[in-house]
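Below, each chain spelled out in residue letters.
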Amino acid sequence: MSQAQKGICAEPNLHALYLTFTVVDDEVQAMRAKLAHVLDLFNHFDEEYYEAMVSGVIAIGTEYWYELYPRLIPQEMAPFPSMQCEDRGAPITPGDLFIQIKADRTDICHAIGTEVIQLLKPHVDLYEEISGFRYLDGRDLTGFVDGTENPKGMRKFAVAIVGDQDQEFAGGSYIHVQRYRHLMTKWQLLAVHNQEEIFGRSKADNIEFDSDKKAQFAHTKRTNLKDADGKSVEILRQSMPYGNMTVQGLYFISCASSPKPFTDMLRSMIFGDEQGEYDKLLDYTVAETGCAYFAPSINFIKQQAKE
Ligand code: HEM
């Protein structure tokens, strides 16, 4: 059975390091081998510092994938679904390789990041590095708890990991990454009850509003979708807050067995319903990056390193 990369369904950690690379040469065989080494690195640190709950993800940008593994394409591979409606947008930005490192120790994230870069250096440029951190009791920097309605237990795997419908890619995951920058001053000027209306949940104690009490523009209304058979459309969110005293936001990560759920949710947020009720959260946060990746199974990466 194909084994999914550990970081895809990992529990929330205290720290993360997100590295986005562009690839600058066409040495694909070397890159395939090095990605298998990166998996070994993750393993090594996980064993050495087991108390730090280390996990990693290697994800390959949908464009670069065609160069790296040209004969083997996941069934639903698609570019990032860039969208724009009025002043609400989801831009596409560069990203050939994405490395997610998570641990409960920031020094371990740093140590792994340093080694990953040493290994990949001749072939890549570092496009962006972002450090994520757990904020208070799992809150986004808007002050609301993030991740409550994420699938749990074995359901996580069903939602986030490709199953036997695409045998060659079973154990993989379609990953979408967006870095959102919050307009904190504007957000903080809102009364708490208006902030709560925007999320459809209470702030301090994180209670969900009854569905008929939620505004159509509420974030949890716009992202709580049903498919044609009335089944919930789901993603696994691995997002974390990032920032400093000048810039703050959410590093949003969606993992799913298909790119469609994320795309449908994003469309619902940006374009809204038939009445044009878009996600009001987007008046207070701006997507500055956007990339689509596929994170293949461990077996796939190791096998391809040998070919
Ligand atoms: C800055 C951007 C975002 C922030 C601050 C944010 C924050 C939140 C918060 C606080 C919740 C409520 C608690 C929870 O269930 O996690 C939530 C729910 C959710 N968000 Fe986001 N989110 C953002 C972007 C997105 C995007 C881009 C998507 C998908 C395209 C998304 C999908 C969801 C889903 C599916 C839920 C659960 C809805 C439900 O069933 O109640 N979020 N988000």
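Before reading further, recall that the structure is shown in the block above.
Let me begin by describing the structure that accompanies this report. In this text, all values refer to a predicted model and were calculated from it rather than measured experimentally.

## Observations regarding the environment of Leu266
Mapped onto the fold, Leu266 is located in helix α8 (residues 260–271). Judged by the 24 C-beta atoms lying within 10 Å of it, Leu266 falls in the buried class. Separated by 44 residues in the primary sequence, Leu266 and Arg222 have C-alpha atoms spaced 8.7 Å apart. Leaving out residues up to four positions away in the same chain, Leu266 has contacts with Pro81, Met83 and Ala90.

## What to know about the nonpolar core
Membership of the largest hydrophobic core comes to 77 residues, with the highest contact counts inside it found for Ala59, Ile175 and Tyr293. Discounting chain neighbours no more than four positions away, the residues touching Ile175 are Ala59, Phe98, Ile253, Ser254, Cys255, Tyr293, Phe294 and Ala295.

## Some words on the environment of Met269
Here Met269 lies in helix α8. Overall, the presence of 22 C-beta atoms within 10 Å leaves Met269 in the buried class.

## Considerations on the site of the ligand
Close contacts around the ligand come from 24 residues, with Glu149, Tyr180, Thr220, Thr223 and Met265 the closest. Residue composition of the shell around the ligand, grouped by class: 10 nonpolar, 10 polar and 4 charged.

## What about the packing of helix α1 (residues 28–48) against helix α9 (residues 298–306)?
Contact geometry of α1 with α9 gives a least axis separation of 8 Å together with a crossing angle of 135 degrees. It follows that α1 is oblique to α9 by the angle criterion. For the pair α1 and α9, the sense of crossing is left-handed. In contact with Arg32, Ala33, Leu35, Ala36 and Leu39 of α1, α9 contributes Ile298, Ile301, Lys302, Gln304 and Ala305. Here the contact of α1 with α9 is built from residues that sort into 7 nonpolar, 1 polar and 2 charged.

Analysis parameters
- Residues numbered from 1 in each chain as written.
- Predicted model: local features only at pLDDT ≥ 70, side-chain atom pairs only at ≥ 80, totals over all residues.
- Helix = DSSP H or I, 4+ residues; strand = E, 2+ residues; numbered from the N terminus.
- Buried ≥ 20, exposed ≤ 12 C-beta atoms within 10 Å, placed from the backbone.
- Contact = placed C-beta atoms within 7 Å.
- Core = buried A, V, L, I, M, F, W, Y, C linked by C-beta atoms within 7 Å.
- Near = placed C-beta within 6 Å.
- Nonpolar A, V, L, I, M, F, W, Y, C, P; charged D, E, K, R; others polar.
- Axes fitted to C-alpha atoms, helices over the stretch in contact; angles between N-to-C directions.
- Parallel < 35°, antiparallel > 145°, perpendicular 65-115°, else oblique.
- Left-handed = near helix turned anticlockwise from the far one by under 90°.

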